[in-house]
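Overview (structure and organization)
This is what each chain is made of:
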Amino acid sequence: IQQFHHKPGNRIRVLLMTSPVVEHGILTRNERNKIVEEVVKKYLENSNEIELIIKIHPSNENQSEYEEIIQKLNADIQVKKNGDILDYLEKSDVVITYNSETTSALFALIAKKPIVICNFYKIHNDRFLDFGLALECKEPENIISSIKNAFSNPLNDTKIDEFVRDALFKPDGNSGKRVASSLLNFLQNRKS
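Description of the structure in this document. The structure displayed is predicted, hence computed values, not measured ones. (Residues numbered from 1 in each chain as written. Predicted model: local features only at pLDDT ≥ 70, side-chain atom pairs only at ≥ 80, totals over all residues. Heavy atoms only, no water.)

Topic: the sheet that holds strand 4 (residues 94-97)
Neighbouring strands of a sheet are bound in pairs by backbone hydrogen bonds; such pairs are parallel or else antiparallel. Under the convention used in this document: Two strands are said to pair when DSSP picks up at least two bridges between them. Each helix corresponds to a stretch of at least 4 residues labelled H or I by DSSP, and each strand to a stretch of at least 2 residues labelled E; elements are numbered beginning at the N terminus. Axes here refer to lines fitted to C-alpha atoms; in helices the fit is confined to the stretch in contact. Angles between the N-to-C directions go from 0 to 180 degrees.
With parallel pairing, six strands are arranged side by side in an open sheet as 3-2-1-4-5-6. Unpaired on one side and paired on the other, strand 3 (78-80) and strand 6 (135-137) mark the two borders of the sheet. Between one strand axis and the next, the sheet turns by 25° as a mean value, whatever way the strands run. The pairing of strand 1 (residues 12-17) with strand 2 (residues 50-55) spans six bridges and is parallel. Of the residues in strand 2, the one forming a bridge with Leu15 is Ile53.

This is the structure we're talking about:
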């Protein structure tokens, strides 16, 4: 993830990574839809500067619900359900999400992608916001300026590295070995 080699193009490539906030009771369907609608509307007003793709959760969200929102706004935006989130992250310049409590948001942070949290409903206790690792957009009319600000002012790599080290232990690629070793030690000590 940390070795992505993406070069920005003429327009800022924005990846809206959704999450099952309705399914988990964080937002209502109307609140979630309103966020998507507002992001798409602002994109349409600024499509000469911004390119938008929507990547929804592969198992917990309904693609047709998102496509219905897009069709209602007469937008030409891809809504993707399948495919590796890392492929989408590698090709993006800025990530928008509802909150940071998802694996894909952590991947975006590890990839050092600028992140904008759409917090139109004033949800508290978002880890990325609490640690200053993402920009918060509280009002729909500020989404484009938030995207541009995130793109122009990337986060400090040291701050991200510290958070990743503290929150995820060690991002050294050896977590599988540590888990296997711990399991073997546990099983060996259990026999004794």
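Section: the pattern of salt bridges
Counted only if it meets this: For salt bridges, the criterion is a side-chain nitrogen of Lys or Arg within 4 Å of an Asp or Glu carboxyl oxygen. Residue burial is assigned from relative accessible area. The probe radius is 1.4 Å, only protein chains are included, and a residue is buried under 20% of its type maximum, exposed over 50%, and partly exposed in between.
This structure, assessed with the given rule, holds 13 salt bridges. With a shortest N-O distance of 3.9 Å, Glu51 and Arg13 are connected by a salt bridge. Taken as a pair, Glu51 in strand 2 and Arg13 in strand 1 lie far apart in primary sequence, 38 residues in all. Exposure remark for Glu51: the relative accessible area of 33% places this residue in the partly exposed category. Across the pair Lys148 and Glu49 runs a salt bridge whose closest N-O atoms are separated by 2.8 Å. Linking Lys148 in helix 6 (residues 143-152) with Glu49 in the loop between helix 1 (29-45) and strand 2, this pair joins segments that are 99 residues apart in sequence.

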